[in-house]
Structure formats: C-alpha cells, structure tokens
Amino acid sequence: MANLVNFLDLETNEVLNRLRKYGEAWVVGGWLRDVLIEGPIEGNKIDIDIATSLIPERVKEIFPKSIGVGENFGTIGVRLDSSKNRVWEVTTLRTDQNYSDGRRPDAVDFGVTILEDLARRDFTINAMALDRNGKIIDPYDGKGDIINSIIRAVGNPSERIQ
C-alpha cells in the first residue's frame, strides 16, 4: 500500500507541521479508516481529525484563529488563514473519566501516550493513528478488521456501548 502521508492535502500538512514544531501530532479517526477502505479522499469529503501531545492553550497560541469546539475535553477547531471554511479538530491526547450521562466523559486527563489515547476509542477501526512517517499505529488490529469486514469494540463491548 502507498504511504498514506502522501494522501494528505497541503493544508493538513501545514497544520501537522506547525503542531510538530512544538510537540507530536497524528492523524486519527475516520479519515484514516476511510482511506484504508476507499483509497484517497478528495473534495468536500475531507474531514481530518488530529491527536496531539500539546494542550489546548498551546494549540490556540499556534493557531490564533482557532475556535473552541470542546476545549474542556481537549478539542480545538483549528483554522488556517489560507482556508476560510475548513476546520481541523485537534484534540489533546487524553484518557476519559466516568461517563455519567453515557455520552461525554465527566473529566479528562491530558498528557498520555498515543497508545493510551487510542485505547479510549470506540471501535478498532477508529483506534488507529498515522504518524509523520506514514506508519499506522494499530494496537487493536483495526486494519485487519477492515480487511475482514468486522466491527469490534476496543475492550469490553458492553462497556463501550454503555
């Protein structure tokens, strides 16, 4: 398979490079899953989520036009001067506390590793990350599940669904 980094558009590379100047950053979630299933994605369908080692305040300093889209949970909507309508969700690596409402964590802890961050995700096919060199970090074999058309939860399925 081709190096998936080559499928990233110029603006996303700009966001990643600016984050990586001050910390670490990975492409995570749906874009990576969808590229593994469908191949390169172009046009309006490009929706790229990024995980970073940087705290939300630092992300906002690097990208002054950012918007808070879930800052308490570590997510900042990054906007570039060159892209008027596009927003990248950049989320600090985290682990989640209890989910008393069944939807959102009561609190989050920042400063964990990418592997710990991936462990909190719902399904194996969403628990993958793409590093700067194009290596897929895939501790739960999400890529294998894509190939075999399997949907599996990360960890205990009953707990994940609750």
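So, how was this worked out
Residues numbered from 1 in each chain as written. Predicted model: local features only at pLDDT ≥ 70, side-chain atom pairs only at ≥ 80, totals over all residues. Heavy atoms only, no water. Buried < 20%, exposed > 50% of the residue type's maximum accessible area, 1.4 Å probe, protein only. Helix = DSSP H or I, 4+ residues; strand = E, 2+ residues; numbered from the N terminus. Arc of directions from axis to C-beta. Contact = heavy atoms within 4.5 Å. Polar contact = N/O pair within 3.5 Å; in protein donor to acceptor, adjacent residues only side chain to side chain. Patch = residues over 30% accessible without salt bridge, like charges linked within 9 Å, V, L, I, M, F, W, Y side chains within 5 Å. Areas by Shrake-Rupley, 256 points an atom, 1.4 Å probe, with all protein chains shown as cover. Salt bridge = Lys/Arg side-chain N within 4 Å of Asp/Glu carboxyl O. Pairing = 2+ DSSP bridges.

K.L.:
Explain helix 1 (residues 10-20) to me, and be specific about the residues and the numbers.
P.N.:
Taken together, the buried positions of helix 1 are occupied by Thr-12, Val-15, Leu-16, Leu-19 and Arg-20. Buried residues of helix 1, viewed axially, fall in a sector of 130°; they line one side. Elements in contact with the buried residues of helix 1: strand 1 (25-28), strand 2 (49-52), helix 3 (56-62), strand 4 (75-80), strand 5 (83-92) and strand 8 (129-130). Among the residues of helix 1, the N-terminal cap falls to Asp-9, whose side-chain oxygen and the backbone nitrogen of Glu-11 are separated by 3.2 Å.

K.L.:
Let's hear about a nonpolar patch on the surface: which residues, and what values?
P.N.:
Together, Ile-67, Val-69 and Val-87 line one region of the surface with nonpolar side chains, adding up to about 200 Å² of accessible area. Relative accessible area serves as the criterion here: at 44%, Val-69 is assigned to the partly exposed category.

K.L.:
Could you give me a rundown of the pairing of strand 4, with the residues and numbers involved?
P.N.:
Here strand 4 lies mainly inside the structure; 5 of its 6 residues are buried. Sheet topology places strand 3 (residues 67-70) next to strand 4; 3 bridges connect them, and they run antiparallel. Residue pairing across strands places Gly-70 opposite Thr-75, the latter belonging to strand 4. Hairpin connection from strand 3 to strand 4: 4 residues lie between these consecutive antiparallel strands, with Gly-74 at a positive phi of about 95°. Where strand 4 and strand 5 come together, 5 bridges link them in antiparallel fashion. Within the sheet, the bridge partner assigned to Gly-77 lies in strand 5 and is Glu-89.

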